[in-house]
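Per-entry structural report
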Amino acid sequence: MLLADDHALVRHGVRLILEQQPDIEVVAEASDGAEAVALLREIDVDLVVLDIAMPTMTGLQAAREINRRREPPRILMLSMHDNEQYFFEALKLGASGYVLKSVVDEDLVEACRAAMRDEAFVYPGAMGALVRDYLDRLARGERVPETVLTPREDEVLKLIAEGRSTREIATILSISVKTVEKHRSHILARLGMSDRTQLTRYAIRAGLVEP
């Protein structure tokens, strides 16, 4: 894992929390987004944790650069602020989750593990934002586009939106893990999306799951 935050004390504290876990290792640190992007040219990591507000290059700007890589690592955003705009922007840029620094000791480990399972981490306040977004769309009279997915892909999408893992979906639908991954790739490509949280929002709007 690569950890990026412009405050050395914050990095130290976060690292202490993470390295108490046997399945998490911080292999590099960066003091801003530009340094994080540069380090990723030299090392391979599975996960990058980025503070949103950093000098030189913000966490959001760094996330945009990182996701241009052929095989980008998973990304988690850290923030002092419960800010819906930042939250949705992070999701749009492909982040797996958004963790508030005020509860980092409670949520960050869970968020890291969720990201490594290719699952989204959504803190309670952000879930409220997702529901409000859904209700706002209804109020504006927006229509969900007709589905371009096959019935089987609809089934896979629904299970993804319900938080099922790839292995669980394979068991429920009696198909292989590789087939589930293939369906997931097709769904993301056809809907023009990049992560589980975007798929969940689509599934809510399409009526596949309840908000």
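Residues numbered from 1 in each chain as written. Predicted model: local features only at pLDDT ≥ 70, side-chain atom pairs only at ≥ 80, totals over all residues. Heavy atoms only, no water.

1. Examining the UniProt feature "modified residue: 4-aspartylphosphate" (unreviewed entry) in the protein
- What UniProt calls "modified residue: 4-aspartylphosphate" (unreviewed entry) maps, in this numbering, to Asp51.
- Looking at the element boundaries, Asp51 is found in strand β3 (residues 47–51).
- Taking the relative accessible area as the measure of exposure, Asp51 reaches 3% and is therefore buried.
- With sequence-adjacent residues up to four places away left out, Asp51 is seen in contact with Ala4, Asp5, Asp6, Gly59, Leu78, Ser79 and Lys101. (UniProt positions renumbered as here; feature names shortened; annotations may be inferred. Helix = DSSP H or I, 4+ residues; strand = E, 2+ residues; numbered from the N terminus. Buried < 20%, exposed > 50% of the residue type's maximum accessible area, 1.4 Å probe, protein only. Contact = heavy atoms within 4.5 Å.)

2. What about the sheet that holds strand β1 (residues 2–4)?
- Spatial strand order, β2-β1-β3-β4-β5: five strands in an open sheet with parallel pairing. One side of each edge strand has no neighbouring strand; the edge strands of this open sheet are β2 (28–30) and β5 (97–100). For this sheet, the mean angle separating the axes of adjacent strands, direction not counted, is 20°.
- Bridging between β1 and β2 involves three bridges; their strand directions are parallel. Paired with Leu2 across the bridge in β2 is Ala28.
- Packing of helix α3 (residues 59–66) onto the sheet brings it into contact with β3 and β4 (74–79), and relative to β3 it is tilted by some 150°. (Pairing = 2+ DSSP bridges. Axes fitted to C-alpha atoms, helices over the stretch in contact; angles between N-to-C directions.)

3. With respect to the pairing of β3
- Burial of β3 is extensive: five of the five residues sit out of reach of the surface.
- What you see with β3 is no split at all: Leu47, Val49 and Asp51 on one side and Val48 and Leu50 on the other are buried throughout.
- Note that β1 and β3 share three bridges and pair parallel. Note on β3: the bridge partner recorded for Leu3 is Val49.
- In the classification by handedness, the crossover that spans β3, the intervening α3 and the parallel β4 is right-handed. (Right-handed = clockwise from strand over helix to strand, strands pointing away.)

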